[in-house]
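Summary of the model geometry
One-letter residues, chain by chain:
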Amino acid sequence: RAGGVSRTAVAPLERLKILQQVAGSTTTAYNGVFRGLTHIMRTEGMVGMFKGNGANCIRIVPNSASKFLAYETLESWLLSRARESDPDAQLGPLTRLTAGAGAGIFAMSATYPLDMVRGRLTTQVDGKYKQYTSMTHAARVIVKEEGASALYKGWLPSVIGVVPYVGLNFAVYGTLKDVVAEWQGLKSGKDLSVPLGLACGGVAGAIGQTVAYPFDVCRRKLQVAGWAGAKALAEGEAKHLAEMRYTGMVDCFVKTVRHEGVGALFHGLSANYVKVAPSIAIAFVCYEEVKKLLGVELYISSGG
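Below is a summary of the structure that appears in this document. These numbers come from a predicted model, not from an experiment.

Along its length, the chain carries 12 helices and 0 strands. For the chain, the N- to C-terminal ordering of α and β elements is α-α-α-α-α-α-α-α-α-α-α-α. By the compact-globule yardstick of 19 Å for 304 residues, the chain fits well, its C-alpha radius of gyration being 20 Å. Along the first, second and third principal axes, the C-alpha set of the chain runs to 65 × 35 × 35 Å. When the 304 residues of the chain are sorted by exposure, 53% land in the buried category. Sequence separation of at least 24 residues holds for 76% of the intrachain contacts in the chain that already meet a minimum separation of 6. As displayed, the chain offers around 13,400 Å² of accessible surface, 65% of which is attributable to carbon and sulfur atoms. In the chain, 33 positive and 23 negative side-chain charges are present, and the distance between their average locations comes to 7 Å.

This brings us to the side chain of glutamine 21. As for its position among the elements, glutamine 21 is in helix α2 (residues 11-23). Under the relative-accessibility criterion, glutamine 21 is labelled buried at 0%. In contact with glutamine 21, other than residues within four places in its own chain, are Tyr213, Asp216, Val217, Arg220, Lys221 and His267.

Ranked by internal contacts, the top residues of the largest apolar core, which has 42 residues, are Tyr30, Val117, Leu121, Tyr132, Ile142 and Leu233. Contributions of two or more residues to this core are made by α2, α3 (33-49), α4 (53-85), α5 (93-123), α6 (135-146), α7 (155-184), α8 (194-224) and α12 (269-294). Of all the elements, α5 adds the most residues to this core, at 7 residues. Sequence-distant contacts of valine 117, that is, excluding residues within four places in its chain, are made with Met135, Ala138, Ala139, Ile142 and Leu151. Ranked by size, the runner-up nonpolar core spans 10 residues in total, among them Tyr246, Met249, Cys252 and Phe253.

Analysis parameters
Residues numbered from 1 in each chain as written. Predicted model: local features only at pLDDT ≥ 70, side-chain atom pairs only at ≥ 80, totals over all residues. Heavy atoms only, no water. Helix = DSSP H or I, 4+ residues; strand = E, 2+ residues; numbered from the N terminus. Rg over C-alpha atoms; globule rule 2.2 N^0.38 Å. Buried < 20%, exposed > 50% of the residue type's maximum accessible area, 1.4 Å probe, protein only. Contact = heavy atoms within 4.5 Å. Areas by Shrake-Rupley, 256 points an atom, 1.4 Å probe, with all protein chains shown as cover. Lys, Arg positive; Asp, Glu negative; His and termini not counted. Charge placed at Lys NZ, Arg CZ, Asp CG, Glu CD. Core = buried A, V, L, I, M, F, W, Y, C linked by side-chain atoms within 4.5 Å.

Below, the structure written as structure tokens:
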């Protein structure tokens, strides 16, 4: 629920980010947050602003649920192991980082085909190229034309990127909560007010996303490499860049930097900065508030 609410709130920015990642230097239509959103609105209307959001919500609900469940399980297990040798052991940044990274990899791998399909649906631009009509249709066409393994294109950079992204999200968020709680004189991080929770979640999200961003760009490029929908975004002499094919993650990084420069690894970062802080913050705070309502006694913070 938390993931679905937060993603829908920033859906236009999410679509713009993906279009900027995929299109890269092949078009200037999506350069800048304001210019990009204006172009989408002008050419595709309000519907275009939310294209792919339905698929994203379907993907994010099981992804977020499995991620948080896996995190709580790993965190509890790591703490119990630590207390076997030290009864007074507490959760530290390293423990949170390990639990967060493990939970992220588990959740991402379990739902990756949904992300692959969502990426294709989001990249389709009305008036240029439209091959898929729904998630199920897209999945069937991809498997038929590219093979079942195509549903896992870009999986490796996603796994590697999960470590700093999800790991730092949880580690920074949990640690910030405890530090702020101590500063406020509270018993634990779970007693923080909603505004302070939002602030901690926002900082955590921004740091994690920035470090992992090049891997996210690589994932998107691999997902659409060789697909006509990506080629349709290109303009003028840059069309040859849209026809680029990659043998894997390293080849993608090398060719992207060689042909577009290091800055290409951060295309869409500005739109991401605008969306990631409120998105992650809302998700974390919704998560904590729902746990309080349900009376669940497992918390991300080390306090208790």
